[in-house]
Amino acid sequence: MKLTTKGLAQTALLLAICIVSQYFKNLSVYITGPIVNTTIIIAVLAVGLWSGVLISIVAPITAFFFTGSPIMAAIPLMFFVVMAGNAILAVSVWYFQEKQSFKWRLPAGLVVGSVLKAIFMGAVVVLIILPIFGQNVASKLPKPEALPKVLATAKVTFSITQLITALIGSVLAYIIWIPLKKYLKSGQDL
């Protein structure tokens, strides 16, 4: 892993795209989520694993500051779960792209990374975090009686929705990567 000024600039550009997309989170997680996952994947493919992991770590923090979340505010451990889920996607894509040699390694890495991210986040959030800390969320809600609905939504958001947005982001990244790879091989910069 070589940290270069060019790599840092490319990572900053991708992080900026990620951050801008977070302004749309209140419209739909199905807009923001795929864009965030796409930037993580493109960062890994174009810059390197460290770039994708860096965006994986920063994205949940910036998302919280832009849109807020009663669950993240009440359960700070959720930040680490989202960071780790994003990093799992990044590492999976990198592993299949760099350490495997079969023809369809990138699509395989994208699917495996998306599924592992969703399984990890779903298992940790649904089976551990919410059962232990879920009651803390009530204090952050305008109507504490809405807690059961909020927790039910969180269970879906941090499992099934993560899978869907990661898969959509993977498709977008694959479509973008095909011409981008040729462009980068020609010696041009991002």
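As the structure is a computational prediction, the values presented were derived from the model and not from experiment. (Residues numbered from 1 in each chain as written. Predicted model: local features only at pLDDT ≥ 70, side-chain atom pairs only at ≥ 80, totals over all residues. Heavy atoms only, no water.)

**Observations concerning a nonpolar patch on the surface**
Point 1. Judged by side-chain polarity, Tyr30, Val156, Ile160, Ile164, Ile168, Leu172 and Ile176 come together as a nonpolar surface patch covering roughly 560 Å² of accessible area.
Point 2. Among the elements that line the nonpolar patch, the one with the most residues is helix α8 (residues 160–185), at 5 residues.
Point 3. Tracing the backbone shows Tyr30 in helix α2 (residues 29–46). (Patch = residues over 30% accessible without salt bridge, like charges linked within 9 Å, V, L, I, M, F, W, Y side chains within 5 Å. Areas by Shrake-Rupley, 256 points an atom, 1.4 Å probe, with all protein chains shown as cover. Salt bridge = Lys/Arg side-chain N within 4 Å of Asp/Glu carboxyl O. Helix = DSSP H or I, 4+ residues; strand = E, 2+ residues; numbered from the N terminus.)

**A short note on the environment of Leu172**
Point 1. Of note, Leu172 is situated in helix α8.
Point 2. Along the chain, Leu172 and Ala63 lie 109 residues apart, while their C-alpha atoms are 20 Å from each other.
Point 3. What Leu172 contacts, discounting residues up to four positions off in sequence, is Pro34 and Thr38. (Contact = heavy atoms within 4.5 Å.)

**Notes on the packing of α2 against helix α3 (residues 49–67)**
Point 1. Across the interface, α2 lies against α3 with an axial gap of 6 Å and an inter-helix angle of 155 degrees. Accordingly, the angle class assigned to the pair α2 and α3 is roughly antiparallel. On α3, the residues touching Val36, Thr39, Ile40, Ala43 and Val44 of α2 are Leu49, Ser51, Gly52, Ile55, Ser56 and Ala59.
Point 2. Among the residues making up the contact of α2 with α3, the classes are represented as 7 nonpolar, 4 polar and no charged. (Axes fitted to C-alpha atoms, helices over the stretch in contact; angles between N-to-C directions. Parallel < 35°, antiparallel > 145°, perpendicular 65-115°, else oblique. Nonpolar A, V, L, I, M, F, W, Y, C, P; charged D, E, K, R; others polar.)

**As for the side chain of Lys117**
Point 1. Positionally, Lys117 belongs in helix α6 (residues 105–133).
Point 2. No salt bridge is formed by the buried Lys117. Its closest oppositely charged neighbour is Glu98, at 20 Å.
Point 3. Those residues in contact with Lys117, other than ones at most four positions away along the chain, are Asn37, Gly85, Asn86, Ile88, Leu89, Gln162 and Ala166. (Buried < 20%, exposed > 50% of the residue type's maximum accessible area, 1.4 Å probe, protein only. Lys, Arg positive; Asp, Glu negative; His and termini not counted.)

**Comments concerning the packing of α2 against helix α5 (residues 77–99)**
Point 1. It is the contact of α2 with α5, at a shortest axis distance of 9 Å, that shows an interaxial angle of 35 degrees. Read as a crossing pair, α2 and α5 show a hand that is right-handed. Side by side, α2 and α5 meet where Asn37, Ile40, Ile41, Val44 and Leu45 of the first sit next to Asn86, Leu89, Ala90, Val93, Trp94 and Gln97 of the second.
Point 2. Within the contact of α2 with α5, the residues separate by chemical class into 8 nonpolar, 3 polar and no charged. (Left-handed = near helix turned anticlockwise from the far one by under 90°.)

**Points about the side chain of Ser170**
Point 1. Within the fold, Ser170 resides in helix α8.
Point 2. Residue Ser170 is classed as buried on the basis of its relative accessible area of 5%.
Point 3. A polar side-chain atom of Ser170 sits 3.1 Å from a polar atom in the side chain of Ser114.
Point 4. For Ser170, the residues in contact, after removing those within four places along its chain, are Ile41, Leu110 and Ser114. (Polar contact = N/O pair within 3.5 Å; in protein donor to acceptor, adjacent residues only side chain to side chain.)

**Here we look at the confidence of the model for the chain**
Point 1. In this model, the chain carries a mean pLDDT of 90, and residues with pLDDT of at least 70 account for 97%.
Point 2. Taken element by element, the predicted model of the chain shows its lowest mean pLDDT in helix α4 (residues 70–74) (79) and its highest in α5 (96). (pLDDT = per-residue confidence, 0-100.)

**Observations concerning the packing of aromatic side chains**
Point 1. By the definition in use, this model includes 4 aromatic pairs.
Point 2. With 5.2 Å between their ring centres and 80 degrees between their planes, Phe64 and Phe79 make a pair best called edge-to-face. Separated by 15 residues along the polypeptide, Phe64 in helix α3 and Phe79 in helix α5 bring together distant segments of the chain.
Point 3. Judged by its relative accessible area of 14%, Phe79 is buried.
Point 4. Relative to Phe102, the ring of Phe96 lies with its centre 6.3 Å away and its plane at 90 degrees, an arrangement referred to as edge-to-face.
Point 5. Feature note: the residues Phe64, Phe65 and Phe79 constitute an aromatic cluster, connected by ring pairs. (Phe/Tyr/Trp six-rings, centres within 6.5 Å; stacked < 30°, edge-to-face > 60°.)

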